[in-house]
Amino acid sequence: MGRPTDPSSTPAPVGTTAEPGLIPDLIARIPWPRWALITVAAAAGVLIVSCLLCVCCCCRRHGRKKPRDKVAVGLGSARSSTTTHLIRVGLKQAVDLRARGPGDTADPYACVSLSTQPGHRHETKAHRGTLNPVFDETCCFRIPPAELPQTTLQVRLLDSRCFSQHEPLGELSLPLGAIDLRHVLELWHQLGPPGTTKAEQTGELCFSLQYVPGSGRLTVVVLEARGLSPGLAEPYVKVQLMLNQRKWKRRKTSARKSTATPYFNEAFTFLVPFSQIQSVDLVLAVWARGLRLRNAPVGKVVLGARASGQPLQHWADMLAHARRPVTQWHRLQPPRDVDQALALQPRLHLPLPGS
């Protein structure tokens with residue numbers, strides 16, 4: 001009753017369970033053409049190799065130690081003339097910053113300046129919701145060779161706040177006289193605690209921006225100022241629009257008496273066509289009567305496509321959130337620095353009758 005054995009077949013060795021023709025039989029049973037089987041096998045091999053490479057890269061990345069609370073700064077020098085050195089400062093990134101406000105995150109930005117040029121500084125763009133910002137920004141300073149040994153590079157990292165004072169995250173001071181600037185250097189530096197470098201005594205101005213592209217209405221609401229010098233009398237704010245580096249439209253608030261923290265809450269509307277919004281500069285200047293009993297600018301803020309740092313970010317947020325007011329505090333810049341950046345000629349102070 002049993003099935004007759006094939007005399008030509010060879011019995012399997014004792015102690016083995018695998019059949020010699022198992023894999024060819026399985027392949028023969030798959031109803032796919034041979035080229036499809038080869039394609040699937042090649043794709044599976046590529047996928048396995050890719051997974052192995054990703055695992056190796058992740059292991060190496062996690063195994064590498066990152067410096068904590070540090071910033072990467074690149075320095076280089078080029079002699080642009082016989083009287084000045086051109087110093088290029090590149091901010092790469094910062095890692096493991098410590099959030100000092102509520103929550104475990106921050107909106108950090110960096111402010112770069114030189115000790116011999118307190119009015120000239122560069123602010124990077126603010127990076128939202130991170131303690132490991134990647135800046136990748138470069139700024140330049142011109143320094144006379146005689147001042148180079150006494151010059152210190154100052155880098156301050158701050159947490160950008162919309163409705164309160166910006167919180168310092170850390171500071172760095174690098175004496176340029178002790179660095180060989182003939183070669184490009186890229187190094188990690190440990191940040192010091194906030195307050196180790198002297199902060200500039202400048203005031204701040206709070207205002208909101210709103211732009212409606214359909215009607216071309218640009219609304220500026222001047223809210224308040226703080227940190228002004230107590231010796232200033234009757235501060236007020238001038239709001240000026242420039243088109244193609246020329247003065248275009250101007251408004252001003254009413255003056256506030258006997259206060260270093262004036263509250264204005266005054267709105268101004270300008271008609272700016274959408275085709276010209278990228279060609280205008282918005283300048284807000286705080287004016288006051290000083291000790292010489294004449295009105296003079298205390299500080300200025302410039303916004304627009306030619307701005308940098310936080311003012312540029314505020315302008316970009318206004319364009320990105322059309323029809324919605326965007327409010328921020330801004331630190332006042334020295335008037336002469338803003339005028340030079342905008343190529344404005346300062347007014348001549350002519351002698352008054354009887355002086």
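Residues numbered from 1 in each chain as written. Predicted model: local features only at pLDDT ≥ 70, side-chain atom pairs only at ≥ 80, totals over all residues. Heavy atoms only, no water.

Of regular secondary structure, the protein chain possesses 4 helices and 16 strands. Across the 355 residues of the protein chain, 38% fall into the buried class. When the accessible surface of the protein chain is split by element, carbon and sulfur atoms take 57% of a total near 21600 Å². (Helix = DSSP H or I, 4+ residues; strand = E, 2+ residues; numbered from the N terminus. Buried < 20%, exposed > 50% of the residue type's maximum accessible area, 1.4 Å probe, protein only. Areas by Shrake-Rupley, 256 points an atom, 1.4 Å probe, with all protein chains shown as cover.)

The tally for this structure, following the rule as stated, stands at 0 disulfides. Take C139: it sits in no disulfide, and the sulfur closest to it among the cysteines is that of C140, at 6.9 Å. (Disulfide = S-S within 2.5 Å.)

The next point concerns the layout of surface pockets. Its boundaries defined by the atoms lining it, the second largest pocket holds a volume of some 690 Å³. As for the second largest pocket, its lining consists of 25 residues, and the residues nearest its centre are R121, V302, S308, D337 and A341. Among the elements of the structure, β4 (117-123), β5 (134-143), β15 (295-304), α3 (309-320), β16 (326-331) and α4 (335-341) are those that each provide at least two residues to the lining of the second largest pocket. Of the residues forming the lining of the second largest pocket, the biggest block, 5 residues, is contributed by β4. Classifying every residue of the lining of the second largest pocket by side-chain character gives 10 nonpolar, 9 polar and 6 charged. (1 Å grid on protein atoms, 1.4 Å probe; cavity = no way out; pocket = protein on both sides within 12 Å on 5 of 7 lines; lining within 4 Å. Points joined across faces, edges and corners; volume = space filled by probe spheres on them. Nonpolar A, V, L, I, M, F, W, Y, C, P; charged D, E, K, R; others polar.)

Let's shift gears to unusual backbone geometry. Trans peptide bonds make up most of the peptide bonds, and negative phi angles are found at most residues other than glycine. Even without being a glycine, D136 presents a positive backbone phi close to 55°. A relative accessible area of 54% means that D136 is categorised as exposed. Although it is not a glycine, N265 sits at a positive phi angle of roughly 55°. Structurally, N265 is set in strand β13 (residues 263-271). What makes N265 partly exposed here is its relative accessible area of 45%.

Bringing the pattern of salt bridges into the picture now. Taken as a whole and assessed by the stated rule, the structure comprises 8 salt bridges. Here D107 and R128 are joined by a salt bridge, their closest N and O atoms 3.7 Å apart. Residue D107 is located in the loop between β2 (85-95) and β3 (108-114), and its partner R128 is located in the loop between β4 and β5; the two are separated by 21 residues in the primary sequence. Its salt-bridge partner being R331, residue E123 comes within 3.6 Å of it at the nearest N-O pair. Of the two residues, E123 is situated in strand β4 and R331 in strand β16; the sequence distance between them amounts to 208 residues. Of the two residues, E123 and R331, neither departs from the other in class, the shared state being buried. A single network of salt bridges, built from pairs that share partners, joins D107, R128 and D317. (Salt bridge = Lys/Arg side-chain N within 4 Å of Asp/Glu carboxyl O.)

This paragraph deals with the sheet that holds β13. Spatially, 4 strands are ordered β13-β10-β9-β16 in an open sheet, and the strand pairing comes out antiparallel. Lying at the two open borders of the sheet, with one neighbouring strand each, are β13 and β16. Each strand of the sheet is rotated relative to its neighbour by a mean of 25°, with strand direction disregarded. In terms of strand pairing, strand β9 (residues 204-212) meets strand β10 (residues 217-226) through 9 bridges, oriented antiparallel. When the sheet's bridge partners are listed, E204 is paired in β10 with R226. Sheet strands in contact with α3 are β9, β10 and β16, and its direction is about 170° off that of β16. (Pairing = 2+ DSSP bridges. Axes fitted to C-alpha atoms, helices over the stretch in contact; angles between N-to-C directions. Contact = heavy atoms within 4.5 Å.)

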